[in-house]
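The chain contents come next:
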Amino acid sequence: AALKALLRSQVSAALKEGRVTPTELCQRCLALIKSTKFLNAYITVAEETALKQAEESEERYKRGQPLGILDGIPVAVKDNFNTAGIETTCASNMLKGYISPYNATVVQKLLDHGAVLLGKTNLDEFAMGSGSTDGVFGPVRNPWSYSKQYKEKSVSKSHSEDEESNWVITGGSSGGSAAAVSSFTCFAALGSDTGGSTRNPAAHCGVVGLKPTYGLISRHGLIPLVNSMDVPGILTRCVDDAAVLLGSLAGHDPKDSTTIQDDFKPFELPNLTDVSKLSIGIPKEYHAPGLSSEILALWSKAADLFKNAGAKVVEVSLPHTCYSIVCYHVLCTAEVASNMARFDGLEYGHRSDMKDSTESMYAATRREGFNDVVRGRILSGNYFLLKQNYEKYFVKAQKVRRLIANDFVKVFRSGVDILLTPTTLSDAAPYTEFIQEDNRTRSAQDDILTQAANMAGLPAINVPTALSERGLPVGLQFIGRSFQEKQLLTVAKWFEKQVQFPVIQLEEVKRHESGVFQHQKSASSS
Amino acid sequence: MAAWGRRGVWRRVRQCGAGRPGPGPAALPRRQSAVACNARGEAVPAGKSGLAPWIPVVGLEIHAQISSNSKLFSGSQVQFAAPPNSLVSFFDASLPGTLPVLNRRCVEAAVMTGLALNCSINKKSLFDRKHYFYADLPAGYQITQQRVPIAVNGSLSYSFCIDNKMSQMVTKTVRIKQIQLEQDSGKSLHDDTRCQTLVDLNRAGVGLMEVVMEPDMCCGEEAAAAVRELQLILQTLGSSQAVMAEGQLRVDANVSVHHPGEPYGVRTEVKNINSIRFLAKAVDYEIQRQIEELENGGTILNETRAFDSKLGCTVPMRDKEGKQDYRFMPEPNLPPLILYDAKSLPANMNHQQVINIDWIHERLPDLPSVKREKLVEQYGILPEHSFTLLNEDGLAEFFESVVKQTQMKPKKVIGWILNDLLSYLKQHSLTVKESPVSSFLLADLLNLLEKKEISSTAAKQVLAELWKGEGRTPLEIVKEQKLELLQDQKELEQICEAVIDGQENE
């Protein structure tokens with residue numbers, strides 16, 4: 001067994017057959033987390049509790065009563081989900097050292113299914129960003145920066161150049177989770193997705209990133225960014241694994257009134273052989289300014305793939321998509337301003353020493369606790385919510401949001417089953433290049449292809465598709481109908497099989513920790 | 001002139017019997033300490049003084065704590081005077097990631113109240129966030145219903161007596177603008193000596209109904225009568241215990257004055273009123289203050305004032321943060337609140353999941369006004385007596401119980417209840433439940449009187465003994481103290497003869 005194995009098809013069988021024990025698996029992951037520490041994917045590693053959970057899982061396997069496919073599987077969780085007893089920081093000074101007294105529903109569900117929680121992954125502060133570069137614990141490094149594939153392609157760059165400056169970002173804001181899955185330190189991870197925060201880093205890190213339909217998975221315990229758009233995201237190495245995670249997480253939660261009432265039936269994905277009955281929509285508006293020619297080519301190649309396999313491929317129009325960025329900006333900042341109001345230093349989190357008055361304590365606490373990005377969004381959000389601005393901005397943005405959502409309704413009503421789009425405009429940028437622009441500009445550019453799905457609440461998935469000329473992953477996005485995850489994932493799985501995305505060959509880790517890594521490498525090449 | 005006809009008119013020069021305001025702040029010389037309320041709602045022309053009359057306008061915002069086991073959006077228990085911060089859930093403390101879950105009981109209480117106040121119930125209502133920073137508001141916002149509240153456009157009829165004369169009852173109606181569901185805040189306790197503020201979140205998140213009354217009242221007495229009637233209705237419904245002393249009913253009064261034919265004046269909001277008596281005082285004081293201020297050439301500021309019950313006056317409150325913009329926003333974590341009626345109720349809906357307005361309507365108890373009518377009709381008592389019976393918790397039941405157990409006519413029984421029982425209880429600050437004389441004992445006594453076994457004077461004597469609560473029956477007391485009336489003609493003659501004989505012998 002190896003850490004590179006796929007959860008559903010390989011690891012779970014190995015565990016069942018006793019070829020590997022949960023404790024071994026957990027220990028190997030923990031070792032790899034240590035050896036890949038330079039990636040900065042984890043904020044907190046919960047070694048002790050993870051080993052204890054693994055031990056308990058081992059007991060269940062010994063008794064022949066594992067809890068299911070996830071029993072004993074090491075997972076990681078983005079550090080904006082509450083975890084009882086394990087620090088939850090949101091990569092912010094405001095919550096540094098904060099230990100929640102309760103588990104988020106999704107965390108609890110993972111534990112109830114026997115999963116082993118390795119730790120909490122890095123992100124942009126309060127999930128506000130698209131690079132995983134703007135957290136108080138520093139940026140996350142894309143594991144592909146250290147891959148054989150990237151190194152080989154970037155030889156053109158002068159050798160004299162400092163190797164340090166070549167590393168690329170993970171995308172964000174769930175960059176820690178994407179890096180963790182991509183670097184084999186865990187088999188699956190939770191992210192959150194408000195404007196693309198799961199799909200964007202998934203694309204840059206070459207993993208599957210699923211944003212389910214709004215309301216399918218509980219948000220209870222997810223520290224909110226935009227309540228009306230936030231969805232817990234799933235990051236895995238293959239589409240089948242995403243379906244496993246979805247099956248264990250989805251369904252009504254009495255603690256989240258926005259979850260659907262109906263029961264959710266977990267499903268296995270069929271192996272699609274015939275796509276001729278499928279209608280794939282290609283939204284022309286996703287041919288956005290700044291889309292790299294490489295990705296454009298990949299996108300049309302993918303469309304051809306479906307066409308050649310007999311599917312109907314049609315160009316469709318989502319005319320209001322172009323307004324989604326500005327609309328998102330208003331709605332996001334307004335909710336951020338509201339959601340962040342609770343961080344006043346009184347009940348929990350950072351509290352400034354300023355004691356002149358309650359008001360000055362609030363002000364100092366919030367100035368010290370939040371970074372510029374968070375404070376900037378709070379400021380603009382409060383501006384949009386002012387009585388004299390509310391109609392002009394907030395109400396208008398809500399109307400635009402409805403138009404954007406209606407675009408999708410119309411397209412799906414016209415008979416299109418699934419939309420196929422790029423996930424990102426280009427492959428991952430080097431960190432040094434990425435930080436040239438401010439967070440707001442970057443987020444606006446990077447979310448452009450993913451955001452509309454959040455506006456409409458639709459399920460969407462990134463499927464790693466190919467490597468770019470620079471040797472970095474590029475993904476494509478499938479957007480499905482509301483609550484039609486099974487159809488979406490079935491198509492994604494078919495596509496995944498066609499494209500045969502290459503496995504990452506981690507050079508750096510090999511150098512750092514040759515023992516562990518060589519073992520895995522041999523297993524993965526089998 | 002519509003407003004003119006409906007509202008009472010105040011003039012500085014008339015004296016008002018009740019509700020004389022206390023001494024004002026030193027800065028405000030009081031030439032006339034009281035003004036009159038024309039409770040009949042008639043226009044009073046300018047008096048001999050030649051001054052144009054003033055029309056006071058009073059509107060009320062009333063927060064009623066919903067009587068419910070748990071809070072509006074969390075499972076925490078609701079209880080008065082529990083140890084500080086002992087009833088606080090993760091949500092109440094606004095821990096990050098927690099979400100509101102609406103309490104069905106609170107919705108039902110609001111629907112009941114809305115129906116009892118003749119409101120139309122909105123089948124779809126919405127929740128909003130109202131933002132402000134305050135230590136006892138942990139989330140930085142209150143969840144309320146700003147845009148579409150649960151109930152709108154109702155009315156409340158209330159009655160009161162003029163010049164304290166029971167015989168002159170006047171009935172008026174105030175329009176109810178809306179009833180909205182919202183969260184209560186916690187409590188801040190300021191420790192000035194140590195420069196600390198202590199926060200108790202037990203109350204944070206308790207369900208409130210905010211009842212907004214239109215400015216249809218014109219004096220403290222009207223405001224007090226309207227609130228009293230609302231209080232009785234809430235208590236009858238059980239939707240709120242509505243005990244003002246425990247903060248379950250909190251009243252803010254919006255007060256302004258203007259001359260006839262002119263637009264409403266600038267209004268002030270009077271807060272910190274914690275009894276119905278103080279409400280009348282606070283409103284009357286504020287009206288008087290505004291009139292004097294204006295007549296002295298001053299202006300009224302749109303401000304919040306607090307009623308100081310010790311000084312009997314209103315004083316400006318220090319504003320929390322100057323002018324507030326609450327930055328209202330839809331609450332994204334709560335879907336619209338959908339209510340059904342018999343017509344719109346979906347066929348195969350889980351009954352636990354839905355609230356049926358008609359179902360609640362059919363089960364509303366008799367409201368105070370109906371109860372009063374029934375009492376008047378059934379027992380032939382005066383309308384004003386029915387008010388007194390309902391004003392004291394349990395008194396109407398006591399009365400009915402006595403009536404059932406005695407042959408005495410209800411019209412006579414009521415006298416004993418109101419003149420003897422009630423005044424005794426009031427004198428000794430007792431509730432009806434605490435009465436040392438049970439309805440059974442009183443009925444017993446009244447039966448002796450009705451059967452002419454004792455005189456009315458003797459009955460009072462027996463009652464005086466009964467108050468002692470020594471467990472003796474009226475009959476025992478009568479016998480002990482030999483209070484029986486003599487019914488035997490012969491015996492009476494013998495006594496008379498003996499007395500006459502005695503006289504003659506002298």
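First things first, this report covers the structure right here in the doc. (Residues numbered from 1 in each chain as written. Chains lettered and ligands numbered in written order. Predicted model: local features only at pLDDT ≥ 70, side-chain atom pairs only at ≥ 80, totals over all residues. Heavy atoms only, no water.)

### Focus: the sheet that holds strand β4 (residues 128-131) of chain B
Residue and element names in this part refer to chain B.
Now for step 1: On the basis of which strands lie adjacent, the open sheet formed by three strands has the order β5-β4-β15 and antiparallel pairing. Looking at strand neighbours, the two that pair on one side only are β5 (141-144) and β15 (329-330), the edges of this open sheet.
Now for step 2: Looking at chain direction, β4 and β15 are connected through two bridges and run antiparallel. Bridge pairing in β15 places Arg129 opposite Met329. (Pairing = 2+ DSSP bridges. Helix = DSSP H or I, 4+ residues; strand = E, 2+ residues; numbered from the N terminus.)

### Brief notes about the sheet that holds strand β11 (residues 473-479) of chain A
Residue and element names in this part refer to chain A.
Now for step 1: Spatially, 11 strands are ordered β1-β3-β2-β4-β6-β5-β10-β11-β9-β7-β8 in an open sheet, and the strand pairing comes out mixed. Each end of this open sheet is capped by a strand with a single partner; those strands are β1 (42-45) and β8 (312-316). Averaged over all neighbouring strand pairs, the angle between strand axes comes to 30 degrees, with direction disregarded.
Now for step 2: Across the sheet, helix α2 (residues 22-35) touches β1, β2 (74-78) and β3 (116-121), and the angle it forms with β3 is around 20 degrees.
Now for step 3: The sheet contacts of helix α3 (residues 47-62) involve β1 and β3, and relative to β3 the element is tilted by about 155 degrees. (Axes fitted to C-alpha atoms, helices over the stretch in contact; angles between N-to-C directions. Contact = heavy atoms within 4.5 Å.)

### Digging into unusual backbone geometry
Now for step 1: Residue A:Gly172 is joined to A:Ser173 through a cis peptide bond whose omega torsion reads 10 degrees.
Now for step 2: Tracing the sequence through the fold places A:Ser173 in the loop between α5 (148-153) and α6 (175-182).

### Examining the interface of chain A and chain B
Now for step 1: Taken together, the contacts link 41 residues of chain A with 30 residues of chain B.
Now for step 2: Across the chain A to chain B interface the summed buried area is about 2800 Å²; carbon plus sulfur atoms make up 57%.
Now for step 3: Of all residues in chain A, A:Ser257, A:Arg342 and A:Glu347 give up the largest surface area on contact with chain B, accounting jointly for 20% of the area buried on that side.
Now for step 4: If you look at where chain A meets chain B, you find zero salt bridges.
Now for step 5: Secondary-structure elements contributing two or more residues to the side of chain A that touches chain B are α10 (324-339), α11 (358-369), α12 (372-385) and α13 (387-413) of chain A.
Now for step 6: When residues in the side of chain A that touches chain B are grouped by element, the largest group, five residues, is from α13(A).
Now for step 7: Grouping the constituent residues of the side of chain A that touches chain B by class yields 19 nonpolar, 13 polar and nine charged. (Buried area = accessible area lost by both parts, 1.4 Å probe. Salt bridge = Lys/Arg side-chain N within 4 Å of Asp/Glu carboxyl O. Nonpolar A, V, L, I, M, F, W, Y, C, P; charged D, E, K, R; others polar.)

### Details of empty space enclosed by the protein
Now for step 1: This structure, assessed with the given rule, holds five cavities of 30 Å³ or more.
Now for step 2: Lining the largest cavity we find 19 residues, and of these B:Phe91, B:Ser94, B:Ala139, B:Tyr141 and B:Gln183 sit closest to its centre.
Now for step 3: Class assignment for the residues of the lining of the largest cavity results in nine nonpolar, five polar and five charged.
Now for step 4: There is about 60 Å³ of room inside the second largest cavity.
Now for step 5: Taken together, A:Pro224, A:Asn227, A:Asn339, A:Arg342, B:Gly97, B:Thr98, B:Leu99, B:Arg129, B:Tyr141 and B:Asn333 make up the lining of the second largest cavity.
Now for step 6: Across the lining of the second largest cavity, the residue classes break down as three nonpolar, five polar and two charged. (1 Å grid on protein atoms, 1.4 Å probe; cavity = no way out; pocket = protein on both sides within 12 Å on 5 of 7 lines; lining within 4 Å. Points joined across faces, edges and corners; volume = space filled by probe spheres on them.)

### Here we look at the pairing of strand β6 (residues 231-236) of chain A
Residues and elements named next belong to chain A.
Now for step 1: Taken across its six residues, β6 has six buried, putting it largely inside the fold.
Now for step 2: Side chains Val231, Gly233 and Leu235 project from β6 onto one buried face, and the interleaved Pro232, Ile234 and Thr236 project onto a second face that is buried too.
Now for step 3: With six bridges joining them, strand β4 (residues 188-193) and β6 adopt antiparallel strand pairing. Pairing of Gly191 across the sheet is with Gly233, part of β6.
Now for step 4: Both strand β5 (residues 208-211) and β6 contribute to a ladder of three bridges, which runs antiparallel. Paired with Leu210 across the bridge in β6 is Ile234. (Buried < 20%, exposed > 50% of the residue type's maximum accessible area, 1.4 Å probe, protein only.)

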